[in-house]
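Coordinate analysis (summary)
One-letter residues, chain by chain:
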Amino acid sequence: MTNKFLPWLVAAALGVAATAAQADTLADVKAKGFLQCGANTGLLGFGSPDDKGEWKGFDVDFCRAIAVAIFNDPTKVKFTPLTAKERFTALQSGEVDVLVRNTTWTLSRDSQMGLIFAGVNYYDGQGFMVRKSLGISSALELSGASVCVQTGTTTELNLADYFRANGMQFNPVVFEKSDEVVQAYDAGRCDAFTTDASGLYAERLKLTNPADHMVLPEIISKEPLGPVVRQGDDKWLTIVKWTHYVMLNAEEAGVTSANVEQMKTSDNPDIKRMLGTEGTFGEPMGLTNDWGANVIAKVGNYGEVFDRNVGPETPLGISRGLNALWTKGGLQYGPPVR
Amino acid sequence: MAVQNELGTDTSSGRVSPFYDPRIRGIVFQAALVIFVVVLVYIGASNAIENLQSQNIASGFGFLGNTAGFAISQTLIPYSVTSTYGDAFVVGLLNTLLVAAIGIVLATILGFIIGIARLSSNWLVAKVATAYVEIVRNLPLLLQLLFWYFAVVKSLPSPRESYGPLAGIYLNIRGLFMPKPVFGPGSWLFDAAIVVAIVAIVVIWRWASQRQAATGQQFPTLWTSLALFFGLPLFALVVTGFPVTFEMPELKGFNFTGGMRMEPEFVALLLGLVIYTASFIAEIVRAGIQAVSHGQTEAAGALGFRRGLTLRLVVIPQAMRVIIPPLTNQYLNLTKNSSLAVAIGYPDLVSVFAGTVLNQTGQAVEVIFITMLVYLTISLLTSAFMNWFNLRMALVER
Ligand SMILES: N[C@@H](CCC(=O)N[C@@H](CS)C(=O)NCC(=O)O)C(=O)O
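Since this is a predicted model, take the numbers as computed values, not measurements.

On to the overall build of chain A, then. The secondary structure content of chain A amounts to 13 helices and 14 strands. Since a compact globule built from 338 residues should have a radius of gyration of about 20 Å, the 21 Å found for chain A is in line with a globular shape. Considering only C-alpha atoms, chain A reaches an extent of 65 × 60 × 40 Å along its principal axes. Just so you have it, chain A exposes about 13300 Å², and 53% of that area is on carbon and sulfur atoms. Across chain A, the mean location of the 31 positive side-chain charges is 3 Å away from that of the 39 negative side-chain charges.

It is worth spelling out the site of the ligand at this point. Residues and elements named next belong to chain A. Looking at the ligand, there are 21 residues lining it, with Thr41, Arg87, Arg101, Thr104 and Asp196 nearest. Taking glycine 42, its main chain carries an N or O atom lying 3.4 Å from an oxygen atom of the ligand. Between arginine 101 and the ligand, the recorded distance is 2.8 Å, taken from a side-chain N or O atom to an oxygen atom. Starting from 500 Å² of accessible surface for the ligand in isolation, the protein chains cover 99%. Looking at side-chain class alone, the shell around the ligand contains three nonpolar, twelve polar and six charged residues. When we break the shell around the ligand down by domain, the ones giving at least three residues each are domain 1 (2-123 + 224-328) and domain 2 (126-221).

On to the state of the cysteines. Residue and element names in this part refer to chain A. Applying the stated criterion to the full structure yields two disulfides over all chains. The side chain of cysteine 37 participates in a disulfide bridge whose partner is cysteine 63; the two sulfur atoms lie 1.8 Å from each other. Of this pair, cysteine 37 sits in strand β1 (residues 35-39) while cysteine 63 is found in helix α3 (residues 58-71), placing the two residues 26 residues apart along the sequence. Using a relative accessible area of 0% as the deciding quantity, one classes cysteine 37 as buried. The buried category is assigned to cysteine 63, whose relative accessible area is 0%. Paired by a disulfide, cysteine 148 and cysteine 190 hold their sulfur atoms 1.9 Å apart. Here the disulfide of cysteine 148 and cysteine 190 is right-handed, its torsion about the S-S bond being about 75°. With cysteine 148 in strand β9 (residues 145-150) and cysteine 190 in the loop between α7 (178-186) and β11 (192-196), this pair connects stretches of sequence that are 42 residues apart. Cysteine 190 carries the same exposure label as cysteine 148, and that label is buried. Each disulfide of chain A joins two cysteines, and with those cysteines numbered along the sequence the arrangement is 1-2, 3-4.

A separate point is the interface of chain B and chain A. Listed as interface residues are 49 residues of chain B and, on the opposing side, 53 residues of chain A. Interface area for chain B against chain A, summed over the two sides, is near 4000 Å², with a carbon-plus-sulfur share of 57%. Among the residues chain B hides against chain A, the three largest losses belong to Gln55, Phe254 and Asn359 of chain B. Together they make up 17% of the total. Counting across the interface, chain B meets chain A through three salt bridges.

Looking now at the confidence of the model for chain A. Residue and element names in this part refer to chain A. Chain-level pLDDT for chain A is 91 on average; 93% of the residues reach the 70-or-more range. Predicted confidence in chain A is weakest over helix α1 (residues 5-14), with a mean pLDDT of 46, and strongest over strand β5 (residues 98-99), with 98. Note that residues 1-21 has pLDDT below 50 and, in this model, 27 contacts with residues that lie over four places away or in other chains.

What follows concerns the environment of alanine 343 of chain B. Within the element layout of this structure, alanine 343 of chain B appears in the loop between α10 (307-337) and α11 (349-361). Sequence spacing of alanine 343 of chain B and phenylalanine 254 of chain B is 89 residues, and the spatial spacing of their C-alpha atoms is 25 Å. Not counting the four nearest positions on each side in its chain, alanine 343 of chain B is found in contact with Phe175 and Glu180 of chain A together with Leu142 and Leu146 of chain B.

A few words on the domain arrangement of chain A. Residues and elements named next belong to chain A. For chain A, the domain assignment lists domain 1 (2-123 + 224-328) and domain 2 (126-221). Each of domain 1 and domain 2 has a C-alpha centre, and these two points are 29 Å apart. The salt bridge involving lysine 85 is made with glutamate 176; its shortest N-O contact spans 3.9 Å. The tally of links between domain 1 and domain 2 comes to three residue pairs in polar contact (both at pLDDT 80 or more). Across the side of domain 1 that touches domain 2, the residue classes tally to nine nonpolar, six polar and five charged.

This next bit is on the confidence of the model for chain B. Averaged over every residue, the pLDDT of chain B is 88; the share at 70 or more is 95%. Low pLDDT, under 50, characterises residues 1-12 of chain B; the stretch is placed with six contacts to residues that sit more than four places away or in other chains.

Looking now at the pairing of strand β3 (residues 175-178) of chain B. Residue and element names in this part refer to chain B. Direction of pairing for strand β2 (residues 169-172) relative to β3: antiparallel, over a ladder of three bridges. Residue asparagine 172 lies in a different strand from β3, and its bridge partner there is glycine 175. Hairpin connection of β2 to β3: two residues between the antiparallel strands. In this sheet, strand β8 (residues 260-262) lies alongside β3 in antiparallel orientation, the contact comprising three bridges. Bridge pairing in β8 links methionine 178 to methionine 260.

So, on to the packing of aromatic side chains. All names here are of chain A. Taken as a whole and assessed by the stated rule, the structure comprises 31 aromatic pairs over all chains. Three or more aromatic residues link up through ring pairs in this structure, and these residues are Phe46, Phe58, Tyr122, Tyr302 and Phe306. Above the face of the tyrosine 185 ring, arginine 131 is positioned so that its terminal group lies 4.7 Å from the ring centre.

One can read the domain layout of chain B as domain 1 (18-56) and domain 2 (85-145 + 262-393). Summarising the inter-unit geometry, the C-alpha centres of domain 1 of chain B and domain 2 of chain B are found 36 Å apart.

Residue and element names in this part refer to chain A. What the five strands build is an open sheet, ordered β10-β9-β11-β8-β12; its pairing is mixed. On the outer flanks of this sheet lie β10 (170-175) and β12 (213-215), each paired with one strand and no other. Adjacent strand axes in the sheet meet at a mean angle of 30° when their direction is disregarded. Relative to β12, strand β8 (residues 126-131) is paired through three bridges, and the arrangement is antiparallel. From the neighbouring strand, arginine 131 faces β12, where its bridge partner is histidine 213. Packed onto the sheet, α7 meets β8, β9, β10, β11 and β12 and runs at close to 160° relative to β9.

Basis of the calculations
Residues numbered from 1 in each chain as written. Chains lettered and ligands numbered in written order. Predicted model: local features only at pLDDT ≥ 70, side-chain atom pairs only at ≥ 80, totals over all residues. Heavy atoms only, no water. Helix = DSSP H or I, 4+ residues; strand = E, 2+ residues; numbered from the N terminus. Rg over C-alpha atoms; globule rule 2.2 N^0.38 Å. Areas by Shrake-Rupley, 256 points an atom, 1.4 Å probe, with all protein chains shown as cover. Lys, Arg positive; Asp, Glu negative; His and termini not counted. Charge placed at Lys NZ, Arg CZ, Asp CG, Glu CD. Near = heavy atom within 4 Å. Polar contact = N/O pair within 3.5 Å; in protein donor to acceptor, adjacent residues only side chain to side chain. Nonpolar A, V, L, I, M, F, W, Y, C, P; charged D, E, K, R; others polar. Domains from an automatic or database assignment. Disulfide = S-S within 2.5 Å. Buried < 20%, exposed > 50% of the residue type's maximum accessible area, 1.4 Å probe, protein only. Contact = heavy atoms within 4.5 Å. Buried area = accessible area lost by both parts, 1.4 Å probe. Salt bridge = Lys/Arg side-chain N within 4 Å of Asp/Glu carboxyl O. pLDDT = per-residue confidence, 0-100. Pairing = 2+ DSSP bridges. Phe/Tyr/Trp six-rings, centres within 6.5 Å; stacked < 30°, edge-to-face > 60°. Lys NZ or Arg CZ within 6 Å of the ring centre and 35° of its normal. Axes fitted to C-alpha atoms, helices over the stretch in contact; angles between N-to-C directions.

Right, dumping it as structure tokens:
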């Protein structure tokens, strides 16, 4: 046994990938033949396997879009279900190539963990759900409440901040798995259940009697949720980032999965560049030039993905709100393809 | 070389060359192993640090002094949102120790009762005990914990409909609420009385057993101990004019405030661990008792001992030698199993430190290292204590 082998052995034991410096995730993914995506363990509308075991959801579709950008095939992606607590370690250690799991962009996650956020695919904020029978109408009336919350989330910290800032007492009941949080709340262990508003919409569907519960009006934090990658691989970061932007730009330009073929013949230079009929914007990224067109054709533009998974027509029934395009009063804004 | 010269010549004198001396060889190999392990650990650690740095992941133990910023439901030391990660670590550690210590005591009691019941000549008692062991031992602990948790939680009423069996005591889905004694000035005498009582009890036990060994005379140690334990502190209270007040739990808004509280998560975890571990302890106790030759029981019978006395004075003391070593394993298991707490929301070390703290700081390597070290230390201390106890039990036999 030479000591060339030893560090690897120990590094493996410690779960630390040994060669971060020369990381080329794109090449690794291409060599593997599929994208490994960190997903929710099960959050309806965002990332959960359906009754056929097929992964569905807003974040899941984002992973599929990346897979299409690389392979032109939305099935070339595998999902690793991760709890809030496991997710960063899984990404750091290289178990997943990208983490798309309603993860809030914060300074410490960007600076201390060797990770970097590739944008915001969903602008959110933290809210509270309570039983209607509790008879309260504001989160400020929650002093003394027991609150169910999932461990390893920004939720846990915001909750403490909010009660402290308002001089209120509370008793946290903390679980690792979201299912346990919801079950405990449903069983009456807690007066309130708190998480991102999007999560509240989704988890409410799992309650025995969704109609007995209501979401309080206060949104107590900013939760910009987005995909995350490892630091030190700018090429990969660019691909993830622009997958989101190209879907935004497509929505803005009116390009949808239905009309993308006709749009390829459009005279609009913006659309031509986006769909790869003009210029060579894909190659420098390590992709084909028509990658954008493929993403729109196989997954859809941002609005389509939103409406299909979480929009007003779905059981979640979320309106676009902050996630409307900037042209419609929202915050979603894709930089130009040029 | 010297070694080779001595090879053939030294056999007659009974001395072998150091090269073949098993003692020296042993030392050399052990030293080599120690060096190997140290080098391995060093390379591993420095490599890990280097990798963490090159990946821009914060490293080192400085984070322990940073503000934690999250709340914990059950804290044995003063802890607030503004406390540090280091404080959170202590809170989690104490919660683990609390549930493990109480769990070990209760599991031992329950395990002994069931183990003895399995050998009962009463058919029903023996079969019930057997059924208990077979069912509980063969179901995964995690399932049992979830079962108890949701059984406890679902069967309790909301705070407004609390059971209030006695004044000041309330039971509801938020926990068991009890009056909290608040000690005023002068209560040091009360504390002192408890200490004095405990010391006195130990002294009396020793004296009584020595006297019985020497003269055969018995002394009512149990009653004396109880009288001392409750009498002395009470006397201290009377003398100082009852410097104690009780803080009563009160229903305010959603919940009771004030008083002492036992969380349902704690109760469920304790229940699950005790019931599960007791089934293993019961088997150990049964095996230990059966390992004592039946002749001993018959001899005791011939001397006119009643069954209970035979068990207490003849069988169990001898069975203990067989029971203690595997019992130690169960104690270690219980302590380690308490880390399943996170599934039912009890804030133990794994939940608070290897859960929330790990996630908020992202320092997985350090946090897991500390956590492993803690469990290792607890386990080693437990086995050291049990080994000492085992030695004592072995010496007591005559
Ligand atoms: N955005 C927050 C919280 C995200 C989060 O984990 N939310 C829970 C709330 S329900 C969730 O999605 N759980 C589903 C799961 O664990 O799969 C963060 O990044 O810390």
